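This is what each chain is made of:
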2 protein chains.
Amino acid sequence: MDPHLLRTYVTVARLASFSAAARELGFTQSAVSQHIAALEHDLGMPLLSRRPVAPTRAGERLLEHAGSLLLRLEAARADLARMAGEPAEELTLAASPLAVRPDALAALPVSRATLRVLPREEIPVAVAKGSADLGLVDGLAAPSDPLRLPDVAPLTATGVAEEPVAVVLPDGHPLTRRPGLRLADLVDARWLDAPEAGLPLDQLRAATATARGFRPALRYEGTDIRTLIGLAAAGHGLTLLPLAPARAYGTVAVPLTEPRLVHRTELLHTGVLRGPAEELARRLQSGP
Amino acid sequence: MDPHLLRTYVTVARLASFSAAARELGFTQSAVSQHIAALEHDLGMPLLSRRPVAPTRAGERLLEHAGSLLLRLEAARADLARMAGEPAEELTLAASPLAVRPDALAALPVSRATLRVLPREEIPVAVAKGSADLGLVDGLAAPSDPLRLPDVAPLTATGVAEEPVAVVLPDGHPLTRRPGLRLADLVDARWLDAPEAGLPLDQLRAATATARGFRPALRYEGTDIRTLIGLAAAGHGLTLLPLAPARAYGTVAVPLTEPRLVHRTELLHTGVLRGPAEELARRLQSGP
DNA sequence: TCTTCTTACGCTCGGCGTAAGTATC
DNA sequence: GATACTTACGCCGAGCGTAAGAAGA
């Protein structure tokens, strides 16, 4: 279970070829063969079927383990490396689309900073790997509950903002008049499926015992919120957004009152913060 | 960052001695010295201060990473090993104290089974490492929300039971008459601190923005629920328990209505279930 | 027959133990 | 000076590449 062997294993599995993996890793194909043989011998079972090269059942399972193992290994190295060098002049902030609020933008230093917008799940990974110094993630949670983040490495999360969530309705929709909406009112509605730009609807599923999942309508794969709101306003389906951006373009959005959920933003970082990263973190936390 | 080196490192750090670690690991003390030197060279920084042997700041951080890393490595091996051998006759069920309900006990096979009661946090670890085939964990959650479990390895969790939670009150307590209690009514109360037997109060803290933590009273370190109830009935402090056990001994317990939380029990297992484990899992899931 | 993985074999280097060295209590 | 970690050095084995072998398309 040497990480080197695991690394070759996942590469072989991904490329479905010993020789291609060898090229990518800079080994001879013989070495790759020996790696796999060693791993299979160590675990006492075949991991790959040959011709065509495909993981066995056990191999599939190993891939799940290996992924997070190698990620954590990389995270540990990156974390320690950050402690060694000097405070680092340049700064990278990774944020999910809805986590970027005006006050966060105001806190950014004018130069030597990069703002990288990524899908929600990739934020913790980016911070863990060290490809970002700080992360801003958003999500749905009960008021003052922490977000459910995949713990990909020992990261520290601190809440920086909470605000109500609202359902964006097309102009003239019958529910427009209401001051607040319950999710139960909307079980028959069609929802926009926007995994990158919108809020994760699957977190709502648990809350609504009545609804057996959400009926998806159009799917939007971009990260632009304005487009998402446009789609909702055009009647392609409902979408859930934090109240402020939901109403930013003059669209009609009604707060969601039941279940009681808030849009929460958390700041993610590793153990020690120094230099510009520390400065930015302080400003983001005291910001709103 | 070879796992062998990490293992040596955590051992040295734990024992605060190179030579003691060498004895425990079956190496010469010279080899241990070389391991640490190799690790420090690889990461480019000192990890341990010598005389006395103690982790540096970076070393402390590495310990956090190394712990979960080695655990996951062990979990991966155990998981794969379980897929290889035959379905295994003996069966071990690890459960937290409050997860063991009468219906779970009824589902247990009469022989060749072990029921191991452990503190809540150790259940996922036991299942991951393979020292238990199945796990039953309990905790507090919003209705039909999954529990927040530390993801120590790719485990599958399925809900098996949910029931109301109640506050155990001493006889004659002023709040006894009420049909239901809100946590806000109880912020001034003293709570029993029973991390192993009781429910995790820290999960409540987030829910009560008003209360700045709970005022702890007596601390109980055992796992026996009857004792815990006895302490509460004797007026040593309040305690939170699932409704049924809370009232099992004729004690006064009032359901908690706000925040809306349930006592949830989940079944934990790894990817594939075979033999008696599969049988038991099915019975536990359909049980209540 | 060509491609692709496996096996044989030799070489090199990593890693362990023995033993000598060094620093701290 | 005793204890505990480090360094020197030699030996063995792990792991890589070259090259030959086997098996499927």
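Residues numbered from 1 in each chain as written. Chains lettered and ligands numbered in written order. Predicted model: local features only at pLDDT ≥ 70, side-chain atom pairs only at ≥ 80, totals over all residues. Heavy atoms only, no water.

A. Structural view of the overall build of chain A. For chain A, the count of helices and strands is ten helices and twelve strands. In terms of principal-axis extent, the alpha carbons of chain A reach across some 70 × 45 × 30 Å. For chain A, buried positions account for 49% of its 288 residues. Residue pairs in contact within chain A that sit at least 24 positions apart in sequence constitute 71% of those at least 6 positions apart. For chain A, the exposed surface amounts to about 13400 Å²; the carbon and sulfur share of it is 52%. Computed over 31 positive and 32 negative side-chain charges, the separation of the two mean positions in chain A equals 4 Å. (Helix = DSSP H or I, 4+ residues; strand = E, 2+ residues; numbered from the N terminus. Buried < 20%, exposed > 50% of the residue type's maximum accessible area, 1.4 Å probe, protein only. Contact = heavy atoms within 4.5 Å. Areas by Shrake-Rupley, 256 points an atom, 1.4 Å probe, with all protein chains shown as cover. Lys, Arg positive; Asp, Glu negative; His and termini not counted. Charge placed at Lys NZ, Arg CZ, Asp CG, Glu CD.)

B. Spatial organisation of the relation of the copies chain A and chain B. After a rotation of 180° and a shift along the axis of 0.0 Å, chain A superposes on chain B with an RMSD of 0.0 Å. The relationship between the two copies is best expressed as a two-fold rotation axis. Comparing interface residues between copies, 100% of those in chain A also lie at the interface in chain B; the contact surface is shared. (Least-squares fit on C-alpha atoms with pLDDT ≥ 70 in both.)

C. Fine view of the protein's contact with DNA strand C. Around DNA strand C, the surrounding shell holds 16 residues, and the nearest of these are S19, Q29, S33, R50 and R51 of chain A. Among the atoms of DNA strand C lying within 4 Å of the protein, the sugar-phosphate backbone contributes 57%. T28 of chain B places a polar side-chain atom, nitrogen or oxygen, 2.8 Å from a phosphate oxygen of DNA strand C. In this structure, a base oxygen belonging to DNA strand C sits 3.0 Å away from a side-chain N or O atom of S30 of chain B. Listing elements by their share of the surface near DNA strand C, those giving two or more residues are α2 (18-25) and α3 (29-43) of chain A together with α3 (29-43) of chain B. At four residues, the largest contribution of residues to the surface near DNA strand C is made by α3 of chain B. Of the residues contributing to the surface near DNA strand C, the split by class is four nonpolar, nine polar and three charged. (Near = heavy atom within 4 Å. Polar contact = N/O pair within 3.5 Å; in protein donor to acceptor, adjacent residues only side chain to side chain. Nonpolar A, V, L, I, M, F, W, Y, C, P; charged D, E, K, R; others polar.)

D. Geometry of helix α8 (residues 225-233) of chain A. Listed in full, the buried residues belonging to α8 of chain A are I225, L228, I229, L231 and A232 of chain A. In a view along the axis of α8 of chain A, the buried residues occupy a sector of 155°, so they form one face of it. (Arc of directions from axis to C-beta.)

E. Examining the interface of chain A and chain B more closely. Contact with chain A, which involves 40 residues of that partner, is made by 40 residues of chain B. Summed over both partners, the interface of chain A with chain B buries about 3500 Å², with 59% contributed by carbon and sulfur atoms. If you sort the residues of chain A by the area they bury against chain B, R61, L80 and R148 of chain A come out on top, with a joint share of 19%. In this assembly, chain A and chain B are joined by six salt bridges. (Buried area = accessible area lost by both parts, 1.4 Å probe. Salt bridge = Lys/Arg side-chain N within 4 Å of Asp/Glu carboxyl O.)

F. Examining the side chain of E266 of chain A more closely. Residue and element names in this part refer to chain A. In this structure, E266 sits in strand β12 (residues 262-269). Among the polar contacts made by the side chain of E266, one reaches the main-chain amide nitrogen of L147 at a distance of 2.9 Å. When neighbours within four sequence positions are excluded, E266 is seen to be in contact with G135, L136, V137, P146, L147, L149, A157, T158, G159 and V160.

G. Highlighting the side chain of H269 of chain A. Tracing the chain through its elements places H269 of chain A in strand β12. Apart from residues lying up to four places away in sequence, H269 of chain A is in contact with V127, D133, L134, L155 and T156 of chain A.

H. Local environment of the pairing of strand β11 (residues 252-258) of chain B. Residues and elements named next belong to chain B. Pairing geometry for strand β6 (residues 156-169) and β11, over four bridges, is antiparallel. The residue of β11 that forms the bridge with A166 is P255. Note that strand β7 (residues 181-182) and β11 share two bridges and pair parallel. By the bridge assignment, L181 is partnered in β11 with L256. (Pairing = 2+ DSSP bridges.)

I. Up close: the protein's contact with DNA strand D. Every one of the 16 residues lining DNA strand D counts as a neighbour, but T28 of chain A together with S19, Q29, S33 and R50 of chain B are closest to it. In DNA strand D, the atoms that sit within 4 Å of the protein are 55% sugar and phosphate, with bases accounting for the remainder. The side chain of S30 of chain B places a nitrogen or oxygen atom 3.1 Å from a base oxygen of DNA strand D. Listed by contribution, the elements that provide at least two residues to the surface near DNA strand D are α3 of chain A together with α2 (18-25) and α3 of chain B. Ranked by residues supplied to the surface near DNA strand D, first place goes to α3 of chain A with four residues. Residue composition of the surface near DNA strand D, grouped by class: four nonpolar, nine polar and three charged.

J. A nonpolar patch on the surface, seen in detail. Residue and element names in this part refer to chain A. Taken together, the side chains of L105, L115 and V117 define a hydrophobic patch exposed on the protein surface, amounting to about 220 Å² of accessible area. Its place among the elements puts V117 in strand β4 (residues 113-117). When its relative accessible area of 38% is taken as the criterion, V117 is described as partly exposed. (Patch = residues over 30% accessible without salt bridge, like charges linked within 9 Å, V, L, I, M, F, W, Y side chains within 5 Å.)

K. Representation of the pattern of salt bridges in the model. Scanning the model with the defined rule gives 31 salt bridges over all chains in all. The partner of R148 of chain A in a salt bridge is D145 of chain B, and the shortest N-O contact between them spans 3.9 Å. Here the residue R148 of chain A occupies a position in the loop between β5 (134-141) and β6 (156-169), and D145 of chain B occupies one in the loop between β5 (134-141) and β6, the pair thus bridging two chains. Judged by relative accessible area, which is 36%, R148 of chain A ranks as partly exposed. Ionic pairing is found between R219 of chain A and D193 of chain A, a salt bridge with its closest N-O pair at 2.8 Å. With R219 of chain A in strand β9 (residues 215-219) and D193 of chain A in strand β8 (residues 190-193), this residue pair connects regions lying 26 residues apart in the sequence. Here D193 of chain A falls in the partly exposed class, since its relative accessible area comes to 26%. Overlapping salt bridges bring together E278, E279, R282 and R283 of chain A as one network.

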